[in-house]
6 protein chains.
Amino acid sequence: MIISMIERKGNRSWDQLRKVKIEQNYLRHHPGSVLIEMGETIVLCCASIEEKVPSFLKNTPQGWLTAEYSMLPMSSRIRTPREAARGKIGGRTHEIQRLIGRSLRAVVDLKGFGERTIYIDCDVIQADGGTRTASITGSFLALAYLFTDMKNRDLIPKIPINDYVSAVSVGIVNNGILLDLDYAEDSRAAVDMNFVMTGQGKFIEVQGTAETGAFDRTQLSEMTDLASRGIQDLNLIQRGILRNAI
Amino acid sequence: MIISMIERKGNRSWDQLRKVKIEQNYLRHHPGSVLIEMGETIVLCCASIEEKVPSFLKNTPQGWLTAEYSMLPMSSRIRTPREAARGKIGGRTHEIQRLIGRSLRAVVDLKGFGERTIYIDCDVIQADGGTRTASITGSFLALAYLFTDMKNRDLIPKIPINDYVSAVSVGIVNNGILLDLDYAEDSRAAVDMNFVMTGQGKFIEVQGTAETGAFDRTQLSEMTDLASRGIQDLNLIQRGILRNAI
Amino acid sequence: MIISMIERKGNRSWDQLRKVKIEQNYLRHHPGSVLIEMGETIVLCCASIEEKVPSFLKNTPQGWLTAEYSMLPMSSRIRTPREAARGKIGGRTHEIQRLIGRSLRAVVDLKGFGERTIYIDCDVIQADGGTRTASITGSFLALAYLFTDMKNRDLIPKIPINDYVSAVSVGIVNNGILLDLDYAEDSRAAVDMNFVMTGQGKFIEVQGTAETGAFDRTQLSEMTDLASRGIQDLNLIQRGILRNAI
Amino acid sequence: MIISMIERKGNRSWDQLRKVKIEQNYLRHHPGSVLIEMGETIVLCCASIEEKVPSFLKNTPQGWLTAEYSMLPMSSRIRTPREAARGKIGGRTHEIQRLIGRSLRAVVDLKGFGERTIYIDCDVIQADGGTRTASITGSFLALAYLFTDMKNRDLIPKIPINDYVSAVSVGIVNNGILLDLDYAEDSRAAVDMNFVMTGQGKFIEVQGTAETGAFDRTQLSEMTDLASRGIQDLNLIQRGILRNAI
Amino acid sequence: MIISMIERKGNRSWDQLRKVKIEQNYLRHHPGSVLIEMGETIVLCCASIEEKVPSFLKNTPQGWLTAEYSMLPMSSRIRTPREAARGKIGGRTHEIQRLIGRSLRAVVDLKGFGERTIYIDCDVIQADGGTRTASITGSFLALAYLFTDMKNRDLIPKIPINDYVSAVSVGIVNNGILLDLDYAEDSRAAVDMNFVMTGQGKFIEVQGTAETGAFDRTQLSEMTDLASRGIQDLNLIQRGILRNAI
Amino acid sequence: MIISMIERKGNRSWDQLRKVKIEQNYLRHHPGSVLIEMGETIVLCCASIEEKVPSFLKNTPQGWLTAEYSMLPMSSRIRTPREAARGKIGGRTHEIQRLIGRSLRAVVDLKGFGERTIYIDCDVIQADGGTRTASITGSFLALAYLFTDMKNRDLIPKIPINDYVSAVSVGIVNNGILLDLDYAEDSRAAVDMNFVMTGQGKFIEVQGTAETGAFDRTQLSEMTDLASRGIQDLNLIQRGILRNAI
């Protein structure tokens, strides 16, 4: 296995996650609000409910879960103009919010919370690479807290989650593989992959893109292994926080 | 003078500001980023520069300053749909961001920072009343820090600010006047006024709206007095933070 | 009191309104249509009803009143591009139409005309300063005529208006105060204030902006006095036209 | 020839235009502003110049002329929502403003007024049928006045107009033909045609639509004759007003 | 009669249609899908139903028919940007799709197919002049096939079409008249007319535009004659294809 | 390896592509236009050049390549409303057109065709699953033809393509893996993956989504193998068509 020998910020090893920090109930009135930090990437993930479903689900036993993602204009080094000011949501945003929604729906029982819509809001406060994976990892916690609160308020009989979900990036930098890329690493990566996986170590989403050149079967295999290990670490962190509550 | 006798959260007196908390350099890469908390209202205010001016100022000795304001969807108790998703910016947002821009331009020498545009971004993390006034008070600090950094990097010879600016709300609740309304107070107020004032105690903006009924000349006078006192307190806080640097 | 000594068009004194001209029933099929001229500012104000309310008022005893404002492209000296062609309404328009709506709602009993929406349309034919204040003064008359017509047709038992409303601008030009600024004066004003007041002389809206510099407490006071006198004059004109019908 | 025997408002005969009223210089600062009334249809037509051309004409000897058309919300009996509020221009508006633009360009020498764009703004104050034809007839006058003013100010050496233009509608109502339909007639018409013709009696635009059924060759011929006569009358009016100035 | 002596592609005579080719059931799952080729102009015309009507027809015995038209970006010689990417539909598209809709509604009994909406989709694959007339001629066939299928499936008792419809262009090129202009001819035409006519030879729509100069009564008459002959030919082709099924 | 035992349309085996049909020069005036059919999925892929680059590449030696994707409204079984009519491009469309663009840029030398932009237009005529993969496979051919034409016209010295690109889907249906899913299979799939690969068998994009449940490492491996075989077949077809011209 060819691992990347580049020197990483904070002496991180090639197979090490950035420091993860979770702050629950970040917004005082919203139990399903979580601030997740992965190194210098900071995302506010909120889960909330609306007492109705989209029209295509009217009069079915099923609820819905949808996600929205946005970067604050100053979250990146160079100010990014607001999508609200431009009057439309760009392709990258669409892609990411669809990914977050699919990832969470994969472990949620949509029939388990009534005729309601769950909104997942991921707002990037500071971006240093891996905002979409941090959004997924953080949103899972936000969702767990929301459901816990709903259960405590007797809105649902049990927490309708089948498995844990977290996400991590891997990449090829300087010909070697690397876990959980920050922005500086990401911008030099030849290949960039994102994995969304369950607590059981199964795959929900696999997305890999060759930025320069293309990658072969062995590299795909190694990146998959590395991602699986990163996901295990994230899963332990999630379990520690939720204390097996779900 | 008729003061409001309602009991306020945290035993605040009728003429007392909420607790103000300022965190400078909130975003690691942006010296002009300030998190301001006024009680439970939390706004991230960032000042940044772009190396060009709007077309109507091309080839003039003047720069420009413009402001944008947005509420995160979960900043309020009930989720507010994103303006980006709706594809347009609403009237209230327009009103507020124009107010912030005018207020800061009033104390800035637009010829003092070259052919550049300063963006003020106010993103409300948590809303509990007074988000527009907190945005102005916080943005002034963000702007001061930005200019300080620009001066340190020799981009400008001196800090092109003529005076301090801060803003505060006053209102009439239960027939009495009240300083710095929180959301619960604001939603019961018969009159709602916002004052933007200089460090010298002069007026930049006065905006008063009767929500129910109308108010008389005496009430206008009393509210103006109360606001002036609130502004003095805010000005002291700003001076303390900036340590007379400007 | 420091009054402005500038020479005004038509030998107007510093505390004198421009000539007001009102044409009722300007549009043949709409009793609630009023053409108001204040000097060379000409606004067509129409009040009309729609037999439904916005969704947030469905099944309540309350109706609604909303206002829209627009300038014809050639109303100003330099052609202004249409907001319809640009595909969105600008910030200034939003600000003004919200102001008109709030001002009229302040004196209307929203429970007094059934489950209906009243539209106030203010279309500026010619702009020479003070279009928003003329819009409010004229719309009040349009609304009174609409209600009179509704009462005559037995759609409502009585006219659901609690008080008169009119609006006027004051400003500081050449260091002195001035009533009802025209465009030339307005563009030289250091301070620009708009007052919306009732027939009883109470305040509904107060909006003051320092264009250059800032203004002190004395100036605020003097401008308030001057505005009150202007409002009295406007109120007399309104009463004369309506002949105490409401 | 089968003429319509319906009784017309004001005892108008089947081949008679509505009363035409023209007010030049309707807007004080714009010589190219004309208020045209045809019966109860009232349109404000303004011609103005902008000192640049669309990008596809940059660096050519040619200028451009474009038209915009809009109905005030209350111009019709039932309030029409603003296109600015809906965020886009509807199909009918597009159709009409393209027609007005083409009609005027047909008689204007686009090389005769330099690298400029002429804007024609047609704003319908009151709509009682025939707003597009009134817009064309009135805009021709507005354009003639604009050019006259430009010539007087030595901006152009001569008036770059080759011929007169006016427009009129004809229709089939109650199986008979009718000139210059008002709204009540138009809404009962089986066929609705609009003709744009020159002072020489030639055709610039012919547009006919069968609303119910279809029309035959004889009817087409008769409608064409009737329109030609109406155009002659309009041309006399235009000549009278312009006093052969062009 | 002055006929155009220009040499036409494929030795076509001045009064000859381009070669017409029709492919029914072009899309496997849609009986109402027709590919029409007129020379090198190729349009995919589809008729489909939706089981609801626009709100203004709710609870009436009437259905609705509406048309949409679009050019693929590469259908013309120079790539045309997509209207979806620009975020709005242009004036020309609006004009054409309204024309197609009106033309078909003129021969359809809107009460004959229940509370349904028929969508006509015309997508131009290759554009070589006359796309709007080909769209109408082809859409009529698509509609006939849709209704035949609906009748076969017992959704309607009989085919609710009153007459045939087809459309053709005529023009004046090099001072002579010409039938069914291709792109090269159209771009040189002084006059461009489109006729929509019934199988009975009656007129549904007549639209003529002078591109340069204006045309006289004789020319109008000759163009009308020529169009009538072209329509007869198109009608024969339509009848042959439908084998008098309707 | 667990292969899917479901019966496939046309007796296709589990590891067999649908019948591929390519029509080059589908649009008469565009050498870079290709109609690709994969079974009943039909996509028109066009490559064209514009003689300028996006602003972020101005004055660099680099050109750009961008892709747009759209489904004709009737390409699917149920009519899909046009994105142009809705005024914005949806998330799925964004995702797909970004994928097509990245896939082709991965094998193109952006410095090899001057300061130009290449547009790839993929318009789905008929959709039966796999439209995005067919778009990529077809667009590669369109691009090769465009470059061949440019080379023949001496616009470029050599064809700036480094490798072949094609794409294929695999999935898990009834617990077994399956190559190149059609719509019926796709809608029953538990997992859906798309692979974009080079002629050398390397990966450019890997995208896998678990629709229900999640998939394990073995399944990921088997799907990767199967996709690689499908890509080899597609590559042979592409080579056969291009006859090693590139």
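Residues numbered from 1 in each chain as written. Chains lettered and ligands numbered in written order. Predicted model: local features only at pLDDT ≥ 70, side-chain atom pairs only at ≥ 80, totals over all residues. Heavy atoms only, no water.

Visitor: When you look at unusual backbone geometry in this model, what are you seeing that I'm missing?
Guide: A negative phi angle characterises most non-glycine residues, just as the trans form characterises most peptide bonds. For Asn11 of chain D, which is not glycine, the phi torsion reads 60° and is therefore positive. Mapping Asn11 of chain D onto the fold places it in the segment before strand S1 (20-24). Of the residues examined, Asn11 of chain D reaches a relative accessible area of 67% and is grouped as exposed. The backbone phi angle of Asp154 of chain F is positive, close to 60°, even though this residue is not glycine. With respect to the helices and strands, the residue Asp154 of chain F is situated in the loop between helix H3 (131-152) and strand S6 (165-173). With a relative accessible area of 68%, Asp154 of chain F lands in the exposed category. (Helix = DSSP H or I, 4+ residues; strand = E, 2+ residues; numbered from the N terminus. Buried < 20%, exposed > 50% of the residue type's maximum accessible area, 1.4 Å probe, protein only.)

Visitor: I tried to follow the pattern of salt bridges on my own but got confused; where do I start?
Guide: Side-chain pairing between opposite charges can occur once the charged atoms of the two side chains come close. Per the stated rule, a full pass over the model turns up 126 salt bridges over all chains. Taking the shortest distance from any N to any O, the salt bridge between Glu51 of chain B and Arg116 of chain B comes out at 2.9 Å. With Glu51 of chain B in the loop between strand S3 (41-50) and strand S4 (64-71) and Arg116 of chain B in the loop between helix H2 (91-105) and strand S5 (117-126), this pair connects stretches of sequence that are 65 residues apart. Look at Glu51 of chain B and you get exposed, because its relative accessible area is 54%. With its nearest N and O atoms 2.8 Å apart, the salt bridge here joins Glu185 of chain C to Arg8 of chain C. With Glu185 of chain C in helix H4 (residues 183-186) and Arg8 of chain C in the segment before strand S1 (20-24), this pair connects stretches of sequence that are 177 residues apart. Overall, the relative accessible area of 3% leaves Glu185 of chain C in the buried class. For Arg8 of chain C, a relative accessible area of 4% translates into the label buried. Sharing partners across several salt bridges, the network here consists of Arg8, Lys9, Arg12, Arg18, Glu40, Arg77, Asp128, Asp180 and Glu185 of chain A together with Arg28 of chain B. (Salt bridge = Lys/Arg side-chain N within 4 Å of Asp/Glu carboxyl O.)

Visitor: What's the story with the interface of chain F and chain E in this structure? I'm lost.
Guide: As a measure of interface size, the accessible area lost when the parts come together is often cited. Each partner contributes to the interface: chain F provides 30 residues, whereas chain E provides 30 residues. At the boundary of chain F with chain E, total buried surface from both sides reaches about 2,800 Å², with 56% on carbon and sulfur atoms. The largest share of the area that chain F buries against chain E comes from Met74, Arg79 and Arg82 of chain F, three residues that together contribute 22% of it. In this structure, Arg28 of chain E and Glu40 of chain F form a salt bridge, with 3.1 Å as the shortest nitrogen-oxygen distance. (Contact = heavy atoms within 4.5 Å. Buried area = accessible area lost by both parts, 1.4 Å probe.)

Visitor: Explain the packing of aromatic side chains here, please?
Guide: Pairs of aromatic rings are described using the distance from one ring centre to the other and the angle between the two planes. The tally for this structure, following the rule as stated, stands at 30 aromatic pairs over all chains. Plain terms: the ring middles of Phe113 of chain D and Phe147 of chain D are 5.8 Å apart, the flat faces sit at 45° to each other, and that makes the pair tilted. Here Phe113 of chain D, found in the loop between helix H2 (91-105) and strand S5 (117-126), pairs with Phe147 of chain D, found in helix H3 (residues 131-152); they are 34 residues apart in sequence, far enough to count as distant. There is no split in this pair, since Phe113 of chain D and Phe147 of chain D are both buried. Arranged with centres 6.1 Å apart and planes meeting at 50°, the rings of Phe195 of chain D and Phe203 of chain D form a pair that is tilted. Among the aromatic residues, ring-to-ring pairing joins Phe195 and Phe203 of chain A together with Phe215 of chain F into one connected group. Just above the ring of Tyr164 of chain E sits the side chain of Arg239 of chain E; from NZ or CZ to the centre is 4.4 Å. (Phe/Tyr/Trp six-rings, centres within 6.5 Å; stacked < 30°, edge-to-face > 60°. Lys NZ or Arg CZ within 6 Å of the ring centre and 35° of its normal.)

Visitor: Can you help me understand the side chain of Arg79 of chain A in this one?
Guide: Tracing the backbone shows Arg79 of chain A in the loop between strand S4 (64-71) and helix H1 (83-86). Within the local environment of Arg79 of chain A, its side chain forms a polar contact with the side chain of Glu68 of chain B, the two groups lying 3.2 Å apart. There is a polar contact of 2.6 Å between the side chain of Arg79 of chain A and the side chain of Asp121 of chain B. (Polar contact = N/O pair within 3.5 Å; in protein donor to acceptor, adjacent residues only side chain to side chain.)

Visitor: Quick question: what am I supposed to make of the sheet that holds strand S6 (residues 165-173) of chain C here?
Guide: The strands that make up a sheet pair up through hydrogen bonds in the backbone, lying either parallel or antiparallel. Reading across the sheet, the eight strands line up as S7(B)-S6(B)-S8(B)-S9(B)-S9(C)-S8(C)-S6(C)-S7(C) and stay open at both edges, with antiparallel pairing between neighbours. Either end of the sheet is taken by a strand with one partner, and the two such strands are strand S7 (176-179) of chain B together with strand S7 (176-179) of chain C. Ignoring strand direction, the axes of neighbouring strands in this sheet form an average angle of 15°. Where strand S8 (residues 191-198) of chain C meets strand S9 (residues 203-210) of chain C, seven bridges bridge the pair, whose relative direction is antiparallel. Paired with Phe195 of chain C across the two strands is Val206 of chain C, which belongs to S9 of chain C. Helix H2 (residues 91-105) of chain C rests against strand S9 (203-210) of chain B together with S6, S8 and S9 of chain C of the sheet, and its axis sits at about 155° to S9 of chain C. (Pairing = 2+ DSSP bridges. Axes fitted to C-alpha atoms, helices over the stretch in contact; angles between N-to-C directions.)

Visitor: What is the right way to look at the relation of the copies chain A and chain B in this model?
Guide: Both copies of the chain are tied together by a single rotation about an axis and a shift running along it. It takes a turn of 180° to lay chain A on chain B, together with a shift of 0.0 Å along the axis; the resulting RMSD is 0.0 Å. Such values leave the two copies arranged in the relation of a two-fold axis. For chain A, the residue whose C-alpha comes nearest the rotation axis is Ala84 of chain A, separated from it by 1.8 Å. A high fraction, 100%, of the interface residues of chain A reappear at the interface in chain B, so the copies pair face to face through one surface. (Least-squares fit on C-alpha atoms with pLDDT ≥ 70 in both.)

Visitor: Quick question: what am I supposed to make of the interface of chain A and chain B here?
Guide: The interface is formed by 30 residues belonging to chain A together with 30 residues belonging to chain B. The contact between chain A and chain B buries some 2,800 Å² in all, and 56% of this surface belongs to carbon and sulfur atoms. Seen at the junction of chain A and chain B, the total is twelve salt bridges. For Arg79 of chain B, the salt bridge goes to Asp121 of chain A, with nearest N and O atoms at 2.6 Å. In terms of residue count, strand S5 (residues 117-126) of chain A provides more of the side of chain A that touches chain B than any other element does, six residues in total. The residue makeup of the side of chain A that touches chain B, split by class, is 14 nonpolar, seven polar and nine charged. (Nonpolar A, V, L, I, M, F, W, Y, C, P; charged D, E, K, R; others polar.)

Visitor: What am I meant to see in helix H3 (residues 131-152) of chain E here?
Guide: One turn of the α-helix equals 3.6 residues, which is why residues spaced by three or four share an orientation. Residues and elements named next belong to chain E. Along its 22 residues, H3 runs 31 Å from first to last C-alpha, staying within 8% of the 32 Å computed at 1.5 Å per residue. Among the 22 residues of H3, 18 are classified as buried, and the element is accordingly described as predominantly covered. Positioned one or two residues after H3, Asp154 has a phi angle of 60°, which is positive. (Expected span 1.5 Å × (residues − 1).)

Visitor: What should I look at first to understand the sheet that holds strand S1 (residues 20-24) of chain E in this one?
Guide: All names here are of chain E. Read across the sheet, five strands follow the order S1-S2-S3-S5-S4 without closing on themselves; strand pairing throughout is mixed. This sheet does not close on itself; its edge strands, each paired only once, are S1 and strand S4 (64-71). Ignoring which end each strand starts from, the neighbouring axes of this sheet average 15° apart. Pairing geometry for S1 and strand S2 (residues 33-38), over five bridges, is antiparallel. Directly across from Glu23, in S2, lies its bridge partner Leu35. Contacts from helix H2 (residues 91-105) reach S4 and strand S5 (117-126), with the element oriented near 145° to S4.

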